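Chain residues, written in single-letter form:
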Amino acid sequence: MMALRFYKYLAYATGTMLLLLVIELIFRYGFNSVLVAGGTDTTGTAHGFGLVNITGGVMPVTGGVNLSTMVLIVHGWMYVIYLIADFRIWTLMRWPFGKLVLIALGGVIPFLSFFVEAKVHKEVLAEVAANPKAGKRY
């Protein structure tokens, strides 16, 4: 059941990061803005925390942390760990390959990880309940 718990936590964390990524992409490509913390702008004024307009692909704040890029990086690495959790559940349950692909898509299609996680969770619990002697496998 440890693998199921690991998968559940990663599914929710990856799904949440994916939603943040979608919001970030809307700001970046819809409004030409990125979220920046700290740094100084071109006039030498300290920049605290907020959206910065990136005209021509140039960010007018130097020395700050581009939180939009951080969301991209964190989601990417979290998705890799999510795939490991997916593979672990898939291997233990001995499901067909198509099921692994469906579970993996949960990390790249917004909101899907929440629905897939609920379905997988039910299926795993039902399988464990139906096969109590196979507990070591899980």
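Residues numbered from 1 in each chain as written. Predicted model: local features only at pLDDT ≥ 70, side-chain atom pairs only at ≥ 80, totals over all residues. Heavy atoms only, no water.

**Side note on the overall build of the protein chain**
For clarity, the threshold we go by: Each helix is a run of DSSP H or I of at least 4 residues and each strand a run of E of at least 2, with the numbering of both proceeding from the N terminus. Only C-alpha atoms enter the radius of gyration; for comparison, a globular chain is expected to reach 2.2 Å times N to the power 0.38, where N is the number of residues. Exposure categories follow from relative accessible area, calculated using a 1.4 Å probe and restricted to protein chains: below 20% of the type maximum is buried, above 50% is exposed, and the middle band is partly exposed. Here, two residues are considered to be in contact whenever any of their heavy atoms come within 4.5 Å of each other. For the accessible areas, the method is Shrake-Rupley and the probe is 1.4 Å, while residue cover comes only from the protein chains on display. Charge counting follows a simple rule: Lys and Arg are positive, Asp and Glu are negative, and His as well as the terminal groups are ignored. Charge placement uses NZ in Lys and CZ in Arg. For Asp and Glu, CG and CD serve respectively.
When helices and strands are counted, the protein chain shows four helices and five strands. Along the chain direction, N to C, the helices and strands of the protein chain fall in the order α-β-β-β-β-β-α-α-α. For 138 residues, the compact-globule estimate of 2.2 N^0.38 gives 14 Å, and the C-alpha radius of gyration of the protein chain, at 20 Å, exceeds that figure by more than 25%. In the protein chain, buried positions account for 34% of the 138 residues. Restricting the contact set of the protein chain to residue pairs at least 6 apart, pairs at least 24 apart contribute 59%. Surface accessibility of the protein chain: about 8200 Å² in total, with carbon and sulfur atoms responsible for 73%. Of note, the protein chain has its 11 positive side-chain charges centred 16 Å away from the centre of its 6 negative side-chain charges.

**Observations concerning a nonpolar patch on the surface**
Formally: Think of a patch as exposed residues, more than 30% relative accessible area, with no salt bridge, where like charges cluster within 9 Å and nonpolar side chains (Val, Leu, Ile, Met, Phe, Trp, Tyr) cluster within 5 Å. Definition used for salt bridges: Asp or Glu carboxyl oxygen within 4 Å of a side-chain nitrogen of Lys or Arg.
A cluster of nonpolar residues, F6, L25, Y29, V65, M70, L72, I73, W77, V80, I81 and I84, forms a patch on the protein surface that exposes about 1100 Å² of accessible area. When residues of the nonpolar patch are traced back to their parent elements, those giving at least two are α1 (2–30) and α2 (67–93). By the element assignment, F6 lies in helix α1.

**Examining α1**
Note the threshold: One less than the residue count of a helix, multiplied by 1.5 Å, gives the span that helix is expected to have.
End to end, α1 covers 41 Å across 29 residues, agreeing with the expected 42 Å (1.5 Å per residue, within 8%). Where α1 ends, the next residue or the one after it, N32, has phi of about 50°, a positive value.

**Notes on the environment of L67**
Relative to the elements of secondary structure, L67 occurs in helix α2. Here L67 falls in the partly exposed class, since its relative accessible area comes to 25%. Sequence spacing of L67 and V36 is 31 residues, and the spatial spacing of their C-alpha atoms is 5.5 Å. Apart from residues no more than four positions distant in its own chain, L67 is found in contact with L35, V36, A37 and F49.

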